[in-house]
Amino acid sequence: MDSELFDVIIIGSGIGGLVTATQLAAKGAKVIVFESYLIPGGSAGYFQSQGYTFDVGASMIFGMGNKGTTNLLTRALDAVNVNLETIPDSVQIHYHLPNGLDLKIDRDYETFLQNLIAYFPDEAKGIRRFYDECQKVFNCLNNIELLSLEEPKYLLRVFLKNPLACLGLAKYLPLNVGEVARKYIQDPQLLKFIDIECYCWSVVPANMTPMINAGMVFSDRHYGGVNYPKGGVGKIAEKLVTGLAQFGGEIQYQARVTKIITKQGKAVGVQLANGQVYYGKKIVSNATRWDTFTKLLPVQEIPVKEKNWQQRYIKSPSFLSLHIGVKASVLPVGTECHHILLTDWQEMTTATGTIFVSIPTLLDPDLAPPGYHIIHAFTPDWISNWQGLSESEYADKKEIAAGQIIDRLETIFPGLDAGLDYLEIGTPRTHRRFLQRIDGTYGPIPKRKLWGLLGMPFNRTVIPNLYCVGDSTFPGQGLNAVAFSGFACAHRIGVDLQLRK
Ligand SMILES: Cc1cc2nc3c(=O)[nH]c(=O)nc-3n(C[C@H](O)[C@H](O)[C@H](O)COP(=O)(O)OP(=O)(O)OC[C@H]3O[C@@H](n4cnc5c(N)ncnc54)[C@H](O)[C@@H]3O)c2cc1C
């Protein structure tokens, strides 16, 4: 059966899974990826309908810059000799917030600071000190090669090469943004603004958002910048798959893994829904940790360490998503690609309270027919709000919910309803079904205030030869973050398999 023994089997082709796969293939490992859906990418995938190409999830992309060490998506593509044209976005987000706080996050750091200071002149010093401190975190990260923190030799090597950066990171690892922001800032409205700056990617307020992640997001947007992949976000995964094949790796679609096979407590292989069995020296799950330990392994045998993790982290809500095709004339000249809309601070973290908007056709018009734009509007929502409905109740509820979102969007895009050409509504059930994510969750969030990132698990699990990768491993959600997790996972496995390259 030697011909069937893979070095590494990867369950899922999200960006975390694909970065692990390509990194290992490039190191000479025999790799196979099983993906349950028709295309790669998971939450960074796409769908096409009536001439529109929609990103299913992510569209504000970090990590595609061309300098430093934190541009992990660029690095992952380079590692397998593929590249992707990107389009720089000059504004990360246009915020439409309570009390008339209408602010664009400019790519240029000074411009951003001045725009924010114009709203809070009394906090000018504090604003600068807070964001400068975020830059310090970023500078530490951006000075070291980002690999597995579970590999002692690497840690020693990095420490000897750059002790100050490492000590800096160790200092920030247990901190959350809220405590740092409160050192410098008093104005409650400004602290609310810092909350939404965190919430829009961590889905928790500043006091629960790790400082390390904030250091990345709040600084990289002014360094490598936000860059949109030409052809849509789905191109990242497609290119990684091309690179994987070039290095001898394989991927199978419509290949849902139903079971991780263990022998004497060690992971040895996987079984697919069609009954086929594959064996590997190392098994990597790109499914969420909840899916991995409750669906792919016997639920009654969840390791204590995982149970403890589930005590600290809970599933974040999923999303209600509207994929809209709209007449170009609806969008005023100068409209930005990404928007966040919130009318009442009290509602920031409640279901459907905050609306996120992406209009990638403003950067890449080829994603829609001429004269039209795509708008992806999404808002956090719980699966429990969408369960126990008959087919017609579900359809009606979708229509009503979509109507309410469109009404709210009319405040920034008057005429949106009249200009609609296409509308596809996705609920948490849709996210669960197509992305294979339990309850359609966006990923883990701390149950209560934790010590920064210290509680997030790395790639190894307590089951020998089983690794996890993706957003329920260190350092969390976001494409660049899961790429980091992929680099780390592949590095650890490379050492464990004694791969030479
Ligand atoms: C609406 C939305 C908007 C977002 N916006 C942004 C953004 O603007 N910027 C950003 O950086 N991030 C954004 N994110 C987050 C980002 O998309 C995710 O954090 C990231 O893509 C997760 O990657 P992953 O590798 O962990 O796994 P996933 O993307 O979840 O991929 C896992 C893959 O594994 C497959 N799989 C699971 N179980 C099995 C199985 N048993 N057998 C076979 N295959 C399986 C799934 O089908 C899927 O393809 C957004 C997410 C959503 C949902």
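Residues numbered from 1 in each chain as written. Predicted model: local features only at pLDDT ≥ 70, side-chain atom pairs only at ≥ 80, totals over all residues.

## Describing the sheet that holds strand E15 (residues 338-341)
Spatial ordering of the open sheet is given by E7-E6-E15-E16-E17-E14-E18, a layout of seven strands whose pairing is mixed. A single partner strand is all that each edge strand has here, and the edge strands are strand E7 (101-106) and strand E18 (420-426). In this sheet, adjacent strand axes meet at a mean angle of 15 degrees when their direction is disregarded. For strand E16 (residues 355-358) and strand E17 (residues 372-381), the ladder comprises three bridges, and the chain directions are antiparallel. Among the inter-strand pairings, Phe356 is bridged to a residue of E17, identified as Phe378. (Pairing = 2+ DSSP bridges. Helix = DSSP H or I, 4+ residues; strand = E, 2+ residues; numbered from the N terminus. Axes fitted to C-alpha atoms, helices over the stretch in contact; angles between N-to-C directions.)

## Side note on the nonpolar core
Counting 140 residues, the largest nonpolar core has Val8, Ile15, Val31, Ile61, Leu240, Ala377 and Ala483 as its most contacted members. With ten residues, the top contributor of residues to this core is helix H15 (residues 479-496). Beyond its immediate chain neighbours, meaning those up to four positions away, Ile61 contacts Val226, Asn227, Tyr228, Pro229, Val233 and Leu479. (Core = buried A, V, L, I, M, F, W, Y, C linked by C-beta atoms within 7 Å. Buried ≥ 20, exposed ≤ 12 C-beta atoms within 10 Å, placed from the backbone. Contact = placed C-beta atoms within 7 Å.)

## Quick word on the site of the ligand
Close to the ligand lie 38 residues; Gly12, Gly14, Gly16, Gly42 and Gly470 are nearest. When residues of the shell around the ligand are traced back to their parent elements, those giving at least two are helix H1 (15-26), strand E14 (318-327) and H15. The element best represented in the shell around the ligand is H1, accounting for three residues. Here the residues of the shell around the ligand sort into 16 nonpolar, 17 polar and five charged. (Near = placed C-beta within 6 Å. Nonpolar A, V, L, I, M, F, W, Y, C, P; charged D, E, K, R; others polar.)

## Notes on the environment of Leu423
Along the chain, Leu423 falls in strand E18. Leu423 sits 99 residues away from Ile324 along the chain, and the two C-alpha atoms are 4.7 Å apart. With residues up to four places along the chain from it excluded, the contact list for Leu423 reads Leu322, Ile324 and Ala402.

## Looking at the pairing of E7
Sheet analysis places strand E6 (residues 91-97) next to E7, joined by five bridges and oriented antiparallel. Residue pairing for E7: His96 is matched across the bridge by Asp102. Where E6 folds back on E7, the antiparallel hairpin that results is connected by three residues, among which Asn99 adopts a positive phi of roughly 55 degrees.

## Focus on the UniProt feature "domain: Amine oxidase" (unreviewed entry) in the chain
The UniProt record annotates "domain: Amine oxidase" (unreviewed entry) at residues 15-493. Helix makes up 36% of residues 15-493 and strand 22%, with an end-to-end C-alpha separation of 17 Å. (UniProt positions renumbered as here; feature names shortened; annotations may be inferred.)

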